[in-house]
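Each chain, written out:
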Amino acid sequence: MKNSRHHLPDGIARRDAYDLMIEPRHAGWSYAGLRVLSLEPDTAHTLVTGDSEWIVLPLEGSCTVRVDRRVMELVGRRDVFEGVSDFAYVPRDAYVGISSGTGGLFALAGAKCERRLPARYGPAPEVPVEARGSGLTAREVRNFAAVDAFDCERLIAVEVVTPGGNWSSYPPHKHDERLPGRESELEEIYYYRCKPSRDGLPGFGYQRVSRSRDDGTDLLAEVRSGDAVLVPDGWHGPSVAAPDHPMYYLNVMAGPRREWLISFHPDHPQGYR
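Description of the structure in this document. Here the structure is a predicted model, which means the values were calculated and not measured.

On to the environment of valine 67, then. Inspection of the secondary structure puts valine 67 in strand S5 (residues 52-67). Leaving out residues up to four positions away in the same chain, valine 67 has contacts with Met72, Val90, Pro91, Ala94, Tyr95, Val96 and Ala119.

Sheet strands line up and pair through hydrogen bonds in the backbone, either parallel or antiparallel. If you walk across this open sheet you meet the seven strands as S1-S19-S16-S21-S13-S12-S11, and the pairing is antiparallel. Looking at strand neighbours, the two that pair on one side only are strand S1 (7-8) and strand S11 (129-132), the edges of this open sheet. In the sheet, S1 pairs with strand S19 (residues 228-231) via two bridges, with the strands oriented antiparallel. From the neighbouring strand, histidine 7 faces S19, where its bridge partner is valine 229.

Tallying each qualifying case throughout the model produces eight aromatic pairs. Ring plane angle 85° and centroid distance 5.9 Å describe the contact between phenylalanine 204 and tyrosine 206, whose orientation is recorded as edge-to-face. Residue classification places tyrosine 206 among the partly exposed positions, given a relative accessible area of 33%. Here a set of aromatic residues connected by ring pairs shows up, and it is made of Phe87, Tyr89, Phe144 and Phe150. The ring of tyrosine 89 is capped by arginine 120, whose NZ or CZ atom sits 4.5 Å from the centre of that ring. Looking at lysine 174, its charged tip hangs above the ring of tryptophan 235, at a distance of 5.7 Å from the centre.

Definitions and limits used
Residues numbered from 1 in each chain as written. Predicted model: local features only at pLDDT ≥ 70, side-chain atom pairs only at ≥ 80, totals over all residues. Heavy atoms only, no water. Helix = DSSP H or I, 4+ residues; strand = E, 2+ residues; numbered from the N terminus. Contact = heavy atoms within 4.5 Å. Pairing = 2+ DSSP bridges. Phe/Tyr/Trp six-rings, centres within 6.5 Å; stacked < 30°, edge-to-face > 60°. Buried < 20%, exposed > 50% of the residue type's maximum accessible area, 1.4 Å probe, protein only. Lys NZ or Arg CZ within 6 Å of the ring centre and 35° of its normal.

Listed below in structure tokens is the structure:
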């Protein structure tokens, strides 16, 4: 396995109050960040947003988000395989209170930005859900903070659920250079949850990132719940779910422009987009 620094197994990036904390400085890039927060019942956390915009997304459980004299109640969900969740957008230069009566697990997807947009609530029924691919490449894409679904300055975030035994993020694609009208520059984080089998065996999957240039990222990683993969460049995909183990991943992307323009790998069939 090459460039294993791009694969962060569960627990290796635990920092401060967070189960996972990826800041741009940790990743060695400029914009994208991700934090995963566990809250025990009847506890709270304060997020100082600094120079970044953030989305608070329940992975498991519900919470209350307080910012700029607004209170947003997030109903959340039992787990990421249950369906879409509501979410809260919080701006840069703010103090954000996140509290949970029942406890839970919450993703904080962020991107460095300049403009301070207003805090907003994202209702679950308004999240566009897309069935992408077919056969063994069929998967569900939840475009809660896609470019055309929700307004942010730089942040792009979507969820993907891949049935057990299927491939997603396929065909391999990239977004590591600016080609106006064809491809945009975006840093990307994958964060995984894998469903146990019916008899309780832990889930897992595989993630491939291959070089798009001579000195680029080259990674084949076995991924499990709580793992993350950093994609600064390269052809990413496929993401492969083990049989009987549906796999979820949260994609967090950001770059100089909020555009999702990608190039597909020319050596793979294009009928599974």
